Structures are given as structure tokens and as C-alpha cells.
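The lines below spell out each chain.
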Amino acid sequence: MPTLTGIAHITLSVRDRDDSVDFYRDVLGFREYETTDDSRWLRTLCRHPTGLLLYLTQHRDHFNARFDHRHAGVDHLAFAVSSLGELEEWERRLDDFDVEHSPIVHRAHGSLVMFEDPDGIQLELYCPPARED
């Protein structure tokens, strides 16, 4: 079987590209990389310091409805963090930006914090459980 080496990029359809760029930049640390607006959409490619590429696309003929996870498509995005301490720092950062979020949830497979972007797309910050040596 051919090999996959990772995720090349993620594209999110959003109601307001500029609001989404602000959110992903200010809260999660993405930086605007390239904007390509045309007759079909307003689109900005953002790059995170980790190398993750995120396209934020506002279709000109969009329906202006918030995301609904019950429709077919991506349910949520989970961003990895390195440790529980980092996750706690992210929780404080979300508080600093007044981003409503869950408390840290601890599960057998790891710990996470859940929140939403401006379009209601569920995002998670996730860290694996501490390794037992």
C-alpha cells in the first residue's frame, strides 16, 4: 500500500473569513500566509508555527448558517498538545480570550478541552496520557 505522510492541509468553510482569520490567529497562533479572493470565494491560507496549513474559505453564495455536526462531513478538529501542563496553559489562554470551553476532560486515551470557533465548529486541544515507564 502507498504511504500517507500526514495531513497536507485543512479547509474550513466559514461565514466570515475575516472573523475566522482573527480567531485562528489570535487564539491559536496561526498566521496569514496567502489570500486569494475571486468570484467564487474569499479565501485565506493560514500557517501555524507547527507547519499545519489551514484554509479559511467564505463562499460568496454561502447560506450563512452555523456549522451543524449532525450533517455529513467533519465532526470536529483536535489539535495535539504535548502534555497536561501545556493543556492547562491552553485552558488559561482560552479564558484570557473569553472563549467558552469545557473544563479539562480526562479519559483513558488522553485529556482534552473542547470549544468552538466563530462558526460553531467544535475544536479540541488534546494531549495523550502520560507515559508509564
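None of the values given here were measured: they were computed from a predicted structure.

K.L.:
What should I look at first to understand the sheet that holds strand 7 (residues 110–116) in this one?
P.N.:
Backbone hydrogen bonds are what pair the strands of a sheet, in a parallel or an antiparallel way. The mixed open sheet is built from four strands, whose spatial order is 5-8-7-6. The open sheet terminates on both sides in strands that have one partner only, identified here as strand 5 (76–80) and strand 6 (105–107). Between one strand axis and the next, the sheet turns through 30° on average, direction left out of account.

K.L.:
I tried to follow the layout of surface pockets on my own but got confused; where do I start?
P.N.:
Empty space among the atoms becomes apparent when a probe as large as a water molecule is rolled across them. Here the largest pocket is characterised by a volume of approximately 590 Å³. What lines the largest pocket is a set of 22 residues, and nearest its centre among them are S13, A65, R66, F67 and D68. Residue contributions to the lining of the largest pocket peak at four residues, all from strand 1 (residues 10–13). When its residues are assigned to classes, the lining of the largest pocket shows ten nonpolar, seven polar and five charged. Contributing to the lining of the second largest pocket are 15 residues, with H48, T50, L52, F79 and A80 lying nearest its centre. Residue assignment for the lining of the second largest pocket shows that the elements contributing at least two residues are strand 5 and helix 2 (84–96). Looking at side-chain class alone, the lining of the second largest pocket contains twelve nonpolar, two polar and one charged residues.

K.L.:
Help me understand the sheet that holds strand 3 (residues 41–47) in this model?
P.N.:
In spatial order, the strands read 1-4-3-2; together these four strands make up an open sheet with mixed pairing. Looking at the sheet topology across the chains shown, the edges are occupied by strand 1 and strand 2 (31–35). Pairs of neighbouring strands in the sheet enclose a mean axial angle of 25°, with direction left out of account. Relative to strand 3, strand 2 is paired through four bridges, and the arrangement is antiparallel.

K.L.:
Sorry if this is basic, but what is going on with the side chain of R43 here?
P.N.:
Mapped onto the elements of the fold, R43 is located in strand 3. Among the polar contacts made by the side chain of R43, one reaches the side chain of T57 at a distance of 2.8 Å. Apart from the residues lying within four places of it in its own chain, the contact partners of R43 are T11, R17, E34, T35, T36, D37, Y55, L56 and T57.

K.L.:
It is not clear to me how the pattern of salt bridges should be interpreted in this structure. Could you clarify?
P.N.:
Between side chains of opposite charge, pairing is possible as soon as their charged atoms come close. In this structure the tally under the stated criterion is eight salt bridges. Notably, a salt bridge pairs R15 with D119, separated by 2.8 Å at the nearest N-O pair. Remark: D119 occurs in the loop between strand 7 and strand 8 (122–127) and R15 occurs in the loop between strand 1 and helix 1 (17–26); sequence separation between them is 104 residues. The class for D119 is buried, based on a relative accessible area of 4%. With a closest N to O distance of 2.8 Å, R40 and D38 form a salt bridge. Overlapping salt bridges bring together D22, R25, D26 and E32 as one network.

Here is what the cut-offs are and how they apply
- Residues numbered from 1 in each chain as written.
- Predicted model: local features only at pLDDT ≥ 70, side-chain atom pairs only at ≥ 80, totals over all residues.
- Heavy atoms only, no water.
- Pairing = 2+ DSSP bridges.
- Helix = DSSP H or I, 4+ residues; strand = E, 2+ residues; numbered from the N terminus.
- Axes fitted to C-alpha atoms, helices over the stretch in contact; angles between N-to-C directions.
- 1 Å grid on protein atoms, 1.4 Å probe; cavity = no way out; pocket = protein on both sides within 12 Å on 5 of 7 lines; lining within 4 Å.
- Points joined across faces, edges and corners; volume = space filled by probe spheres on them.
- Nonpolar A, V, L, I, M, F, W, Y, C, P; charged D, E, K, R; others polar.
- Polar contact = N/O pair within 3.5 Å; in protein donor to acceptor, adjacent residues only side chain to side chain.
- Contact = heavy atoms within 4.5 Å.
- Salt bridge = Lys/Arg side-chain N within 4 Å of Asp/Glu carboxyl O.
- Buried < 20%, exposed > 50% of the residue type's maximum accessible area, 1.4 Å probe, protein only.

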